[in-house]
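# Architecture and fold: a report
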Amino acid sequence: MHEYQLLEIIAIGFAFALVLGFITQKLGLSSIVGYLLAGFFIGPASPGFVADYALASQLSEAGVILLMFGVGLHFKMDDLMAVKGVAIPGAVIQSTIATICGIFVGTTLGLDLKSALILGFGLAVASTVVLLRVLNDNDIVNTVHGHVAVGWLVVEDILTVLILVALPSIMTILSNTSTAEGSIEILKAIGIALGRLVLLWVLVMKGGELFVPWLLSKIIKTHSEELFTLTVLVIAFLTAILAAVVFQASFALGAFLGGMVVGKSKASHQAGADILPLRDAFAVLFFLAVGMLFDLKFIIEYPLLICMCLAIVLLIKPLTAILTVSILGYSTKTALTVASGLAQVGEFSFILAQEAKRLGLAGDVVYNAIVVCSIASITLNPSVFKKVPAIEKFLRSKKKLWKILNFAADRKGNKNSKDKDLAKNLLPTEEYLAQKTAIVVGYGPTGKKVTQALIEQDVKPIIVEINIDTVNSLSSQGQAVIYGNSAKKDILFAAGIKNADYLIITIPSLNTTLETASLASALNPKTRILVRARFIDSKENLKQTGISGIVFEEEEVANALTSLLLDDLEKQSLLAVASELAAQSADKEQE
């Protein structure tokens, strides 16, 4: 059945993943553990069926592409620029320290300098798939914490691309006595790589802005869901291939940029929904491919090397991230999120080790060490991530330590710290949510009047607002208020949608109203949703989202203007009658 290798991987691999993923979920572990075990059982180190690793690896790359494309859809340029001050220095500092530690461990345990260097590089890089999986599972991709972590990872990906490009030159400088020549070669290679990355960015972002919206609009007019989904997949995979083959970057970076381009179009939400099932399926193939590399013999032969490498990944990298994020002025919550999300290694490390092995810079020992550390850290990572609230609570109890960790964030203030802006939220307490509550979206003149009416009726309001000054003002007054987009699941959860009796949308944006109402109906069908809309012709679309009542500005203005007209006509009529009576009275007096 060799001609059916692709179908064998999908059928048998998915079957193992389903069974073991279900079992690990029942045992209270992440399903990722089950997928890794499934990969081991179809790999060469276990008896029975052995899948084609090269083919499985290519399929797993599709998962990376779809995952990064999906992140790009919702990751705006402003989000990336907002975290550049922490993502760029943070990724550089953490990668440097992890690499130095890897070199020290490698040389101490008998590896040559070249192998130790590759080991350090490999341990410094985190897995895109694993990070995004835990961020998605915990609904924090679209928070400032998630943005910092993703931005950090994008920088790490770029650094790894530069290292991959420079590997041949690194081999030259480590093999020859001419350090100056080797250094020049490295700088030249890195300069060329940076130039390619800039050209890729300009081509995809600027060229895509002109072409992609036009293409999507043409496809949407065909009213074919299949063609639309196919178009989205073509954009995702073509940008990934363009980045990897033409510009020698990474599939992940190309797909991420493609997603950002599509994310600027009005069809971004539909695009994300269409690729979701494919993304999840191919992500499973990634974990299968990683699990296939596991070899139990290596752990028995090199236990000290494995333990030291895991210490770098699980202790040194997170501690470095915590200190760096805190020093750069972000909250401890953000620091812990980034630290726990990056406490693992994955796909880029394999690519790096494979290329180094091909060039003769490292052998099987380094490659296997990275593989075992990857499997162990990926297995532990979801559990580590779930401990973040408990760790944060513990640190809060240590007032001196908490003050030290948040010193820079407190000094940074509100002007330039998005994290601090978000920290001004005044979230409703459990006691508050236990009462009759209403979520009010928008605190303009309409929102203020609605809020006052709710208070008079003894209904507790929770405000959702995107004006940070309004949020800070309301929170200082003790009003439950949340900064953010009401169309995001985490914002509605924070506002207490699970218990809310009412959701009242006072802003006129039709898109926001549709997205918020649809999401709220799915999260809590019992919530009564009252909204404001501009035009009557949007009535049918709004009713399909589970809205209980709608006030149309167009209708209200028409009614008010008609009423005003009728009142004025009646007034003018009365004045005319009065004038006529007055004239008649004057005539009688003259007679």
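Structure shown above.
What comes next is a walk through the structure. Just so you know, these numbers come straight off a predicted model, no measurement behind them.

## Topic: the pairing of strand 1 (residues 437–441)
The element strand 1 is extensively covered by neighbouring structure, given that five of its five residues are classed as buried. The alternating pattern of strand 1 places Thr-437, Ile-439 and Val-441 and Ala-438 and Val-440 on opposite faces, both of which are buried. By the bridge criterion, five bridges tie strand 1 to strand 2 (residues 460–465) in an arrangement that is parallel. Directly across from Val-440, in strand 2, lies its bridge partner Ile-463.

## Looking at the pattern of salt bridges
Within this structure, the stated rule accounts for one salt bridge. A salt bridge links Arg-396 to Glu-392; the nearest nitrogen and oxygen atoms lie 3.5 Å apart. You can see Arg-396 and its partner Glu-392 sitting in helix 18 (residues 388–397), four residues apart, about one turn around the helix. The partly exposed category is assigned to Arg-396, whose relative accessible area is 49%. Judged by relative accessible area, which is 14%, Glu-392 ranks as buried.

## Details of a nonpolar patch on the surface
On the surface, a nonpolar cluster with roughly 610 Å² of combined accessible area is contributed by Leu-18, Val-19, Phe-22, Ile-23, Leu-27 and Leu-29. Mapped onto the fold, Leu-18 is located in helix 1 (residues 5–26). Classification of Leu-18 by relative accessible area gives exposed; the value is 63%.

## Some details on a negative patch on the surface
Side chains of Asp-537, Glu-554, Glu-555 and Glu-556 sit close together on the surface and give a patch of like negative charge. With respect to the helices, strands and loops of the structure, Glu-554 is situated in helix 28 (residues 553–590).

## With respect to the packing of helix 5 (residues 84–108) against helix 6 (residues 113–124)
One can describe the packing of helix 5 onto helix 6 by two numbers: an axis separation of 7 Å at closest approach and a directional angle of 140°. Here helix 5 lies oblique to helix 6, going by the angle between them. Classified by chirality, the crossing of helix 6 by helix 5 is right-handed. Contacts between helix 5 and helix 6 involve Gln-94, Ser-95, Ala-98, Thr-99, Gly-102, Ile-103, Gly-106 and Thr-107 on the former and, on the latter, Leu-113, Ala-116, Leu-117, Leu-119, Gly-120, Phe-121 and Ala-124. Of the residues belonging to the contact of helix 5 with helix 6, the class tally is eight nonpolar, seven polar and no charged.

## Describing the packing of aromatic side chains
Across all of its chains, the model carries four aromatic pairs by this definition. Between Phe-16 and Phe-41, the ring centres sit 6.2 Å apart and the planes meet at 20°, which makes this aromatic pair stacked. Here Phe-16, found in helix 1, pairs with Phe-41, found in helix 2 (residues 31–41); they are 25 residues apart in sequence, far enough to count as distant. Take Phe-16: its relative accessible area is 33%, and that puts it in the partly exposed class. Seen from their ring centres, Phe-211 and Trp-214 are 5.9 Å apart, and the 40° between their planes marks the pair as tilted.

## Considering the environment of Lys-387
Relative to the helices and strands, Lys-387 resides in the loop between helix 17 (364–386) and helix 18. Separated by 47 residues in sequence, Lys-387 and Ser-340 have C-alpha atoms that sit 8.8 Å apart.

## Describing the sheet that holds strand 6 (residues 549–552)
As summarised here, the arrangement of the six strands in space is 3-2-1-4-5-6, forming an open sheet in which the pairing is parallel. Strands at the two margins of the open sheet, each flanked by one partner only, are strand 3 (481–483) and strand 6. Neighbour-to-neighbour, the strand axes of this sheet turn through a mean angle of 15°, independent of strand direction. Relative to strand 1, helix 23 (residues 445–456) is tilted by about 170°, and along the sheet it contacts strand 1, strand 2, strand 4 (502–505) and strand 5 (528–533).

## Remarks on helix 10 (residues 225–246)
Taking 1.5 Å as the rise per residue, helix 10 with 22 residues should run 32 Å; its terminal C-alpha atoms sit 31 Å apart, in good agreement. All of the buried residues along helix 10 are Phe-228, Thr-231, Val-232, Leu-233, Ile-235, Ala-236, Thr-239, Ala-240, Ala-243 and Ala-244.

## Description of the packing of helix 14 (residues 303–327) against helix 15 (residues 332–341)
In contact at an axis separation of 8 Å, helix 14 and helix 15 are set at 150° when each is read in the N-to-C sense. Comparing the axis directions of helix 14 and helix 15 gives the class roughly antiparallel. The handedness of the crossing between helix 14 and helix 15 comes out as right-handed. Residue-level inspection shows Pro-318, Ala-321, Ile-322, Val-325 and Ser-326 of helix 14 in contact with helix 15, the latter providing Thr-334, Ala-335, Leu-336, Val-338 and Ala-339. Its residues assigned to classes, the contact of helix 14 with helix 15 shows eight nonpolar, two polar and no charged.

## Thoughts on unusual backbone geometry
Excluding glycine, a negative phi dihedral is what most residues carry, and trans is how most peptide bonds are arranged. With a phi close to 65°, Asp-458 is a non-glycine residue in the positive phi region. Among the structural elements, Asp-458 can be located in the loop between helix 23 and strand 2. Looking at Asp-458, the relative accessible area reads 57%, which means it is exposed.

## What to know about the side chain of Ser-340
Turning to its location among the elements, Ser-340 is positioned in helix 15. The buried category is assigned to Ser-340, whose relative accessible area is 6%. If we skip the residues at most four places from it in the chain, Ser-340 touches Asn-381, Val-384, Phe-385 and Val-388.

## Notes on the nonpolar core
One finds Phe-69, Leu-119, Leu-135, Trp-152, Val-262, Phe-287 and Val-338 to be the most contacted residues of the largest nonpolar core, which totals 125 residues. If one sorts the elements of this core by residue count, helix 17 sits on top with 10 residues. Not counting residues within four places of it along the chain, the set of residues in contact with Leu-119 comprises Gly-102, Gly-106, Leu-111, Leu-305, Cys-309, Val-366, Ala-369 and Ile-370.

## Describing the pairing of strand 5
With burial as the criterion, only one face of strand 5 is covered, namely that bearing Ile-529, Val-531 and Ala-533; the residues Arg-528, Leu-530 and Arg-532 on the opposite face remain uncovered. Taken together, the four bridges between strand 4 and strand 5 define a ladder with parallel strand orientation. Across the sheet, the residue bridging to Ile-505 is Val-531, located in strand 5. The parallel pair strand 4 and strand 5, bridged by helix 26 (residues 510–523), forms a crossover whose chirality is right-handed. Where strand 5 meets strand 6, four bridges bridge the pair, whose relative direction is parallel. Across the sheet, Arg-532 pairs through a bridge with Val-551, a residue of strand 6.

## A closer look at the state of the cysteines
Overall, the coordinates contain zero disulfides when judged by the stated rule. Here Cys-307 stays unpaired: no disulfide links it, and the sulfur of Cys-373, its closest cysteine neighbor, is 9.1 Å away. Between Cys-373, a free cysteine, and Cys-309, which holds the nearest cysteine sulfur, the sulfur-to-sulfur gap is 4.4 Å.

The rules behind each value
- Residues numbered from 1 in each chain as written.
- Predicted model: local features only at pLDDT ≥ 70, side-chain atom pairs only at ≥ 80, totals over all residues.
- Heavy atoms only, no water.
- Buried < 20%, exposed > 50% of the residue type's maximum accessible area, 1.4 Å probe, protein only.
- Helix = DSSP H or I, 4+ residues; strand = E, 2+ residues; numbered from the N terminus.
- Pairing = 2+ DSSP bridges.
- Salt bridge = Lys/Arg side-chain N within 4 Å of Asp/Glu carboxyl O.
- Patch = residues over 30% accessible without salt bridge, like charges linked within 9 Å, V, L, I, M, F, W, Y side chains within 5 Å.
- Areas by Shrake-Rupley, 256 points an atom, 1.4 Å probe, with all protein chains shown as cover.
- Lys, Arg positive; Asp, Glu negative; His and termini not counted.
- Charge placed at Lys NZ, Arg CZ, Asp CG, Glu CD.
- Axes fitted to C-alpha atoms, helices over the stretch in contact; angles between N-to-C directions.
- Parallel < 35°, antiparallel > 145°, perpendicular 65-115°, else oblique.
- Left-handed = near helix turned anticlockwise from the far one by under 90°.
- Contact = heavy atoms within 4.5 Å.
- Nonpolar A, V, L, I, M, F, W, Y, C, P; charged D, E, K, R; others polar.
- Phe/Tyr/Trp six-rings, centres within 6.5 Å; stacked < 30°, edge-to-face > 60°.
- Expected span 1.5 Å × (residues − 1).
- Core = buried A, V, L, I, M, F, W, Y, C linked by side-chain atoms within 4.5 Å.
- Right-handed = clockwise from strand over helix to strand, strands pointing away.
- Disulfide = S-S within 2.5 Å.

Everything listed here is a matter of coordinates, which is why it stays silent on function.
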